[in-house]
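# Structural characterization, general
Here is how the chains run, residue by residue.
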Amino acid sequence: MKSYALVLAAGLLPVVALCQKIVAPGSQDINTKYIKPEKSLYTVYYVKETNWDKQGTITYDIVAANNQLSLTSSYTPKDNTWVTARTSVVDGSTLKSISYAADTKKTKLNLNFGETITGNYYSKETKKDKKLNLRPTEPFIDFNWTDHLMGTLPLDVGYKARIPQFYYNDESNVQVEYYTIKEVKSYSYGSPKTGKHDSWLITLLEENTGAIYNYVVDKKDRRLWQREMSMGNGKWEITVNEELDYQPIKNRFNKEQAIQQISNGNSVIIGTAYARSSSGKRLAGLVNTAKKQYAPKGTEIMLFPNSAYYEEWLEVNKKIRKQKKVAEVPLDADFGHSVKRTKTYDDEGHFEFAELMPGNYIIMTSFDFSNSYNYSYVSGYTNYYNYWGYTGSTTNYGTGRSSYIDKANIEKRITIDKDGEKKEVNLKEM
């Protein structure tokens, strides 16, 4: 559970009493059925007060085979300059270590676990290779598995335990360090993708340094939602689950097919983009008088193939907006490759698209325009009198003309039936 890029601050809390049960390989408290063979992605942030500074990402890839569990973790910093890769293999039932290999920015490490731990440590800075023969005096959990170990435990309010953890540091003779579960309590975790989840909040103390870790673990499926690690001076490293398994859109986006559809055909779409005055605001008693409001020269027009994926994306987000519980689903990261762009080439909103294959398309644009209207107003009153006094009055009206800036947001669907077809379209907001 050592930091991927940090040195922990020491002396944050006193060492706790050493009376809790020990959770080591083979412990009855470990239920490995909660460790699922899957790939997961976490984003790592440094957080102080309200400032969240993204540092990079961690990918966990767990494979189960031959009663063994293999965990490959890869840390990639935000500048993508290097990758730390670690692979730990353990017994699938007990989590007893079998082998470990790590390739980091400065070192390489290979270990084989048995009665003794053998392997080699290589420094990329000194170019020196060191043979290892280690003899820990107590059972331990490989530090790579600590994040996943949390979810295997019989978590409940008041649960406590101590975890001996193995971590090789070439600058230290200490090979096994202890971590104490200080507190377990109920917690509601809010995912921006899937809403609220009943969870456990586990507080873990690193006895040697006093560093605090907080784990948020789902009560139902035991997935790790979030991990927090204290860094001192009010700063934390927070690692957040990105929910790779969250797939609300069942239809898949086909990047290659979309690119081919907008670039390998012989069909053409020509058109005119404009808004009418009636598309603007209408106030009581106001009458719009302007005619067409053309998209100005240089207005961007977008075109992309329609698909089952896009239609489902629209429908899913419509339901999400209605329920107001979670964030909308973003478009596939590759969707931008399917968008063809052009600009109006004159002040009368004309545009063109070429090299299109037969199929269904959606065309979109947005632009500002000036909307004008005539209006009437009360300019005064004429009062009438006779010998006996006031007999009545009439209202006098004036007329005026004004304008305001409005925005046209236009979307149109169009079908090309055969290759080589020339389609003409009015892209208008009514």
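Below, the structure is looked at part by part. (Residues numbered from 1 in each chain as written. Predicted model: local features only at pLDDT ≥ 70, side-chain atom pairs only at ≥ 80, totals over all residues. Heavy atoms only, no water.)

### A short note on the packing of aromatic side chains
To keep it simple, the criterion reads: For Phe, Tyr and Trp, rings pair up if their centres lie within 6.5 Å, where Trp contributes its six-membered ring, and each pair is then called stacked (planes under 30 degrees apart), edge-to-face (over 60) or tilted (otherwise). The helix count covers DSSP runs of H or I at least four residues long, the strand count covers runs of E at least two residues long, and both are numbered beginning at the N terminus. Using a 1.4 Å probe on the protein chains alone, a residue whose accessible area is under 20% of its type maximum counts as buried, one over 50% counts as exposed, and one in between counts as partly exposed. Two conditions define a charge sitting above a ring: the NZ of Lys or the CZ of Arg must be within 6 Å of the ring centre, and it must be within 35 degrees of the ring normal.
Tallying each qualifying case throughout the model produces 20 aromatic pairs. Considering the side-chain rings of F113 and F166, the 5.7 Å spacing of their centres and the 85° angle between planes classify their relative orientation as edge-to-face. Of the two residues, F113 is situated in strand 6 (residues 107–113) and F166 in strand 10 (residues 161–166); the sequence distance between them amounts to 53 residues. Note on F113: relative accessible area 15%, which makes it buried. Ring centres 5.1 Å apart and planes at 20° place the aromatic pair Y189 and W225 in the stacked group. Here Y189, found in strand 11 (residues 176–191), pairs with W225, found in strand 14 (residues 224–232); they are 36 residues apart in sequence, far enough to count as distant. Pairwise contacts between aromatic rings join F253, F304, Y309, Y310, W313 and F335 into one cluster. Over the aromatic face of W200 sits the side chain of K219, whose NZ or CZ is 4.2 Å from the ring centroid. Residue placement shows R222 over the ring face of Y34; its charged tip is 4.8 Å from the ring centre.

### Some points on the layout of surface pockets
What counts, and what does not: Only protein atoms enter the 1 Å grid used here, on which a cavity is any set of points holding a 1.4 Å probe that cannot leave and a pocket is any open set flanked by protein within 12 Å on both sides along at least five of seven lines; residues with an atom within 4 Å of a point are listed as lining. Grid points are joined across faces, edges and corners, and a volume is the space filled by probe spheres set on the points. Here the term charged refers only to Asp, Glu, Lys and Arg, the term nonpolar to Ala, Val, Leu, Ile, Met, Phe, Trp, Tyr, Cys and Pro, and the term polar to all other amino acids, Gly among them.
Taken as a whole, the second largest pocket encloses approximately 560 Å³ of empty space. Residue lining of the second largest pocket: 26 residues in total, with K193, E242, E243, Y246 and P330 positioned closest to the centre. Those elements that place two or more of their residues in the lining of the second largest pocket are strand 11, strand 15 (235–241) and helix 3 (308–323). Element by element, the count of residues in the lining of the second largest pocket is highest for strand 11, at three residues. Broken down by class, the residue content of the lining of the second largest pocket amounts to 15 nonpolar, five polar and six charged.

### Concerning the nonpolar core
Stated formally: Note on terminology: a nonpolar core comprises buried Ala, Val, Leu, Ile, Met, Phe, Trp, Tyr and Cys residues joined through side-chain atoms within 4.5 Å. Contacts are residue-level and defined by heavy atoms, with any inter-residue pair within 4.5 Å sufficient.
Membership of the largest hydrophobic core comes to 34 residues, with the highest contact counts inside it found for L149, L153, I181 and I202. Elements with a minimum of two residues in this core: strand 1 (39–48), strand 2 (51–65), strand 3 (68–77), strand 10, strand 11, strand 12 (195–206), strand 13 (212–218) and strand 14. Leave out the neighbours within four places in its chain, and I181 touches L153, Y159, K160, A161, I163, I202, T203 and L204. Among the nonpolar cores identified, the runner-up in size contains 20 residues, and A273, F351, F353 and I363 belong to it.

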